[in-house]
Amino acid sequence: MTEFALCTACGYVADLCFGEPLARWHPVRGIGWLITRLERGLFRMRRRRLGGLLLLLLTVGVTCAAVFALLGLAGLAGRWVRWGTSVALIAMALATRDLVGHGAAVERPLAAGDLEAARAALARIVSRDTATLDAMAVARGAVESLAENLVDGSIAPLLFALLGGPVAIFGYKAVSTLDSMVGYRNPRYLEFGWASARCDDILNYLPARSLFLTLPLASRLLGERAGECRRLMWREGDRNPSPNSGIPEAGFAGALGVELGGMSVYAGQPLDKPRLNAGAAAVQPNDIARAGRLVYTTSFLTLVAGMALVALLLRPWGTP
């Protein structure tokens, strides 16, 4: 077993136990600060796509170099200090517990009948307008958020950590942060954010498709609709405009037996998204907890499968 795999397993457990650190101390906040500073200069370039490409290269390069340097300094204090630093960095880059916690923060007031508090909790994790949503629309938004963020919050970071440890996982987080800040299809970022958005799509492509194996299995282990989960992923996973978000959304819709997608409002503008598992039951508040259990179980299966694959690939050929 490699150092990367062992540190990833420990980091995963640490994330489940402790969650993410306070926002002001989170490394991703530093990545966001770097992006903001670089954007001020690079956005002035006449060739916007070139400026956006330089933003991507500089952000990822500086982030990876900083993590590499930090691990080098930790290594000067000893092997165990370096390992501990690696585990801490990986734990901070994972968001499995935090993702499920945000869903629970919506479910609790919904279950208590406090719709206003539930709307406010949902507004912290989605970009859609929440002020006029009814209880079922709030529950749908929470389940969709859990499904959409499963890949970039847990699955992809786990796989990159297994492959390249803290440097790889923070390289991925740099791209993900870039996509969330400049990867928009609006007049300002359509050209400038193109490289970051495409890079994010590429990095998430295989992690999203690993769900074809792990999400139905997680559904079966939890007593959910594994067959419908698999069927919806294959049949409707490509209906979302994003090349990767539709797969987990369709899988969650099938596993939970609910309809996802439909009408939402963004900055006052209505948007009718493709309906996944159309005609199924509307999402109920208790479905948020079921979706959270899917997140936990799928991420655990990804870690186990990833570690097994690493061990198999590193096994010397010809040994029994």
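Sequence order sets the numbering: in each chain, residues are counted from 1 along the sequence as written. Local features are withheld for residues below a pLDDT of 70 in this predicted model, meaning they are given only at 70 or higher, and side-chain atom pairs are given and counted only at 80 or more; totals for whole chains, interfaces and linings count all residues. Side-chain numbers come from the whole structure's heavy atoms, not from hydrogens or water.

The next thing to look at is the nonpolar core. Counting residues in hydrophobic clusters, the biggest one holds 46 residues, and the most contacted among them are Val 106, Leu 122, Leu 211, Phe 252 and Ile 288. Contributions of two or more residues to this core are made by α5 (96-111), α6 (115-123), α7 (135-182), α9 (211-221), α10 (226-236), α11 (246-256) and α12 (286-314). Helical segments are the DSSP runs of H or I of at least four residues, strand segments are the runs of E of at least two, and each set is numbered from the N terminus. With 13 residues, α7 is the single largest residue contributor to this core. We call two residues contacting when some pair of their heavy atoms lies within 4.5 Å. With near-sequence residues (within four places) excluded, Leu 122 lies in contact with Val 106, Thr 130, Leu 133, Val 138, Gly 141 and Ala 142. As used in this record, nonpolar core signifies buried Ala, Val, Leu, Ile, Met, Phe, Trp, Tyr and Cys residues forming a set joined through side-chain atoms within 4.5 Å. Think of it in three bands: with a 1.4 Å probe and only protein chains considered, a residue is buried below 20% of the maximum accessible area for its type, exposed above 50%, and partly exposed in between.

The next thing to look at is the packing of aromatic side chains. Aromatic pairing here means that ring centres of Phe, Tyr or Trp (its six-membered ring) are within 6.5 Å. Orientation follows from the plane angle: under 30 degrees is stacked, over 60 is edge-to-face, and everything else is tilted. Counted under the stated rule, the structure contains 6 aromatic pairs. Between Phe 43 and Phe 192, the ring centres sit 5.1 Å apart and the planes meet at 75°, which makes this aromatic pair edge-to-face. In this pair, Phe 43 sits in the loop between α2 (27-42) and α3 (48-76) while Phe 192 sits in the loop between α7 and α8 (194-209), placing the two residues 149 residues apart along the sequence. Ring centres of Tyr 189 and Phe 192 lie 6.5 Å apart, and the angle between their planes is 40°; this geometry places the pair in the tilted category. Each of the two residues, Tyr 189 as well as Phe 192, counts as buried. Through a chain of ring-to-ring contacts, the aromatic side chains of Phe 43, Tyr 184, Tyr 189 and Phe 192 assemble into a single cluster. Across the ring face of Trp 194, the terminal group of Arg 49 is positioned such that the distance to the ring centre comes to 4.4 Å. In this structure, Arg 188 is placed above the aromatic ring of Phe 43, and the distance from its NZ or CZ to the ring centre is 3.9 Å. The criterion is that NZ of a Lys, or CZ of an Arg, lies within 6 Å of the ring centre and within 35 degrees of the ring normal, and then a charge sits over that ring.

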